[in-house]
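# Architecture at a glance
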Amino acid sequence: MQLDLGRDEMIIVGASLGMLRWYAEELPAGSVVLVEEPDVIQRRGIEQLAGELAFISRVVPARYQTGLDAAALVAREPALRSARLVVPGLEYAVAGAARLAAELGLPGAGAAAADVFSDKHRMRLLAADAGLANPAFELVGTAAEAVAFAERHGGRCVLKPTRRSGSLGVQIISDPAEITAAWAATASPEAPPEATDGLPTGVLVEQALDGPEHSVELLVADGEVIFGNVTDKRVLPGRCPVETGHTVPTALPAATRRELLAVATRLATAAGFRTGVLHSEWILAGGRPTLVECAARLPGDMITALISIAYECGFIEAYLRVLRGERPALRPRPTGAAAVEFLLAPPGTVSAVAGLRDARRVPGVLDVQLEVAVGDPVTEVTSSQRRSGHVLAWGIDGPAATDAAGKAAEQVRITTG
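So, here's what we can say about the structure. Treat the numbers as computed from the prediction; the structure is a model and nothing was measured. In every chain, residue numbers begin from 1 and rise along the written sequence. Given that this is a predicted model, residues contribute local features only at a pLDDT of at least 70 and side-chain atom pairs are listed and counted only at 80 or more, while totals for whole chains, interfaces and linings are drawn from all residues. Side-chain measures were taken over the full set of non-hydrogen atoms in the model, leaving aside hydrogen atoms and water.

Time to look at the overall build of the chain. Helix and strand assignments come from DSSP, with helices taken as H or I runs of at least 4 residues and strands as E runs of at least 2, each series counted from the N terminus. For the chain, the helix and strand inventory stands at 14 helices and 19 strands. With C-alpha atoms as the basis for the radius of gyration, the globule rule is written as 2.2 Å multiplied by the number of residues raised to the power 0.38. Scaling as 2.2 N^0.38, a compact globule of 417 residues should have a C-alpha radius of gyration of about 22 Å, and the chain matches this with 21 Å. The principal-axis extent of the C-alpha atoms belonging to the chain is close to 55 × 50 × 45 Å. Buried positions account for 56% of the 417 residues belonging to the chain. Looking at the chain as shown, the accessible area adds up to about 16600 Å², and 51% of this sits on carbon and sulfur atoms. We treat Lys and Arg as the positive residues and Asp and Glu as the negative residues; His and chain ends play no part in the count. Where a charge sits is defined by one atom per residue type, namely NZ (Lys), CZ (Arg), CG (Asp) or CD (Glu). Side chains of the chain carry 39 positive and 49 negative charges; the gap between the two charge centres is 2 Å. Three exposure classes are used, based on accessible area relative to the maximum for each residue type with a 1.4 Å probe and protein chains only: buried under 20%, partly exposed in between, and exposed over 50%. Using the Shrake-Rupley algorithm and a 1.4 Å probe, accessible areas are obtained, with residue cover drawn only from the displayed protein chains.

Now the structure itself:
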């Protein structure tokens with residue numbers, strides 16, 4: 001990456017370990033100040049981790065996930081004024097990063113837009129006001145209220161926390177009678193390691209929709225979309241719709257691709273989103289793009305890598321340049337394709353792993369990563385954090401890349417008992 005940064009010129013709010021690994025290979029020594037929640041610093045050993053990463057100059061403790069007082073933080077840490085860009089490192093940092101960027105006079109999402117896209121209920125209300133297609137939805141406080149909603153809307157529904165990411169707590173319910181037993185998994189979802197203690201959330205119940213799923217990635221500079229991509233998604237069937245794979249570019253017809261880009265742009269405009277990446281997810285319900293979720297940050301699940309490969313660009317570098325006030329030029333069309341397939345081990349304790357060499361020998365495969373080892377416990381895949389690894393592949397087009405990733409994933413055998 002050719003992004004020149006001096007000491008302490010970049011602020012990352014919130015530590016995503018996957019993103020930190022990427023930055024470790026790309027950013028100059030001492031260029032980053034990491035702002036992190038005090039309890040997360042202690043629980044995750046962030047000070048020790050930062051000491052091992054040369055690009056991090058120091059760690060600044062600050063409460064940001066439940067509301068950041070940016071003026072007070074800068075008054076306490078005046079050296080932050082030397083920063084040239086502020087980056088949210090994870091979902092729970094989006095609002096805090098936007099406020100800090102505004103306080104420092106730097107480009108960012110804007111506090112109002114960041115707040116909307118940090119709360120799934122507020123996002124639904126915005127989309128409805130903008131005339132975008134939504135499923136029926138309701139913010140509920142009890143399982144009984146969710147049951148009543150489901151019974152009014154055909155029985156099937158989706159329960160989701162208003163403030164979680166990575167599919168945590170998201171459940172597709174096929175029978176209203178199941179809601180009471182399922183309620184706690186959404187109302188009091190598993191605490192992600194990067195979240196502060198007591199991160200609040202509500203429960204949103206939505207009408208369940210059927211159709212293929214896609215995401216749209218927009219790179220926005222001062223309110224103008226300067227790049228757009230549509231990603232094809234594959235998800236687990238059943239109660240927990242965790243993503244199992246992605247392909248860039250989409251195999252959709254050009255007209256449908258343009259329609260998805262258009263509705264995503266309307267959503268960004270309605271929110272007053274200023275600068276950064278907007279990652280929205282949509283279901284083609286009856287052929288109509290219907291909003292699932294939207295996040296004002298870089299997408300996860302290797303989508304940034306897929307875009308970089310398919311468009312022959314440095315997508316994360318372009319994102320950082322936009323946050324620094326620049327307008328990088330990216331290819332409007334891909335020159336190839338890329339796909340990721342996630343490895344899903346059966347629940348149990350890992351007793352053997354085989355086939356990694358065979359997977360890497362599949363034509364088109366670029367990378368095979370395993371997140372579990374012999375002796376590790378594996379639980380049911382109810383969120384993206386519980387997947388067991390991934391295969392990344394290239395192809396001349398989407399079907400070729402998807403086929404290569406799928407064939408390689410079939411070679412990896414994770415035995416549990």
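We are not done yet, so read on.
Buriedness of a pocket was judged along seven lines, with at least five required to meet protein on both sides within 12 Å; pockets are open sets of points on a 1 Å grid over the protein atoms alone, cavities are sets where a 1.4 Å probe fits but cannot get out, and lining residues have an atom within 4 Å of a point. Grid points are joined across faces, edges and corners, and a volume is the space filled by probe spheres set on the points. In this model, the second largest pocket occupies a volume close to 180 Å³. Taken together, 16 residues line the second largest pocket, and the ones lying closest to its centre are Gln 65, Ala 95, Asp 115, Ser 118 and Arg 163. For the lining of the second largest pocket, the element with the highest residue contribution is helix α5 (residues 94–104), accounting for four residues. When grouped by side-chain class, the residues that make up the lining of the second largest pocket number five nonpolar, five polar and six charged. Residue polarity follows a fixed list, in which Ala, Val, Leu, Ile, Met, Phe, Trp, Tyr, Cys and Pro are nonpolar, Asp, Glu, Lys and Arg are charged, and the others, Gly among them, are polar.

So, about the sheet that holds strand β13 (residues 288–295). Only strands joined by at least two bridges in the DSSP assignment are considered to pair. Read from one edge to the other, the open sheet built from eight strands follows the order β13-β12-β9-β10-β11-β14-β18-β16, with strand pairing classed as antiparallel. Pairing within the sheet leaves two strands with one partner each, and these edge strands are β13 and β16 (365–370). Pairs of neighbouring strands in the sheet enclose a mean axial angle of 25 degrees, with direction left out of account. Where strand β14 (residues 337–343) and strand β18 (residues 389–395) come together, seven bridges link them in antiparallel fashion. Of the residues in β18, the one forming a bridge with Phe 342 is His 390. Note on definitions: angles span 0 to 180 degrees between N-to-C directions of axes, and those axes are lines fitted to C-alpha atoms, for helices only across the stretch in contact.

With respect to topology, three strands assemble into an open sheet ordered β17-β15-β19, the strand pairing being antiparallel. The sheet is open, and its two borders are formed by β17 (377–378) and β19 (413–416), each paired with just one other strand.

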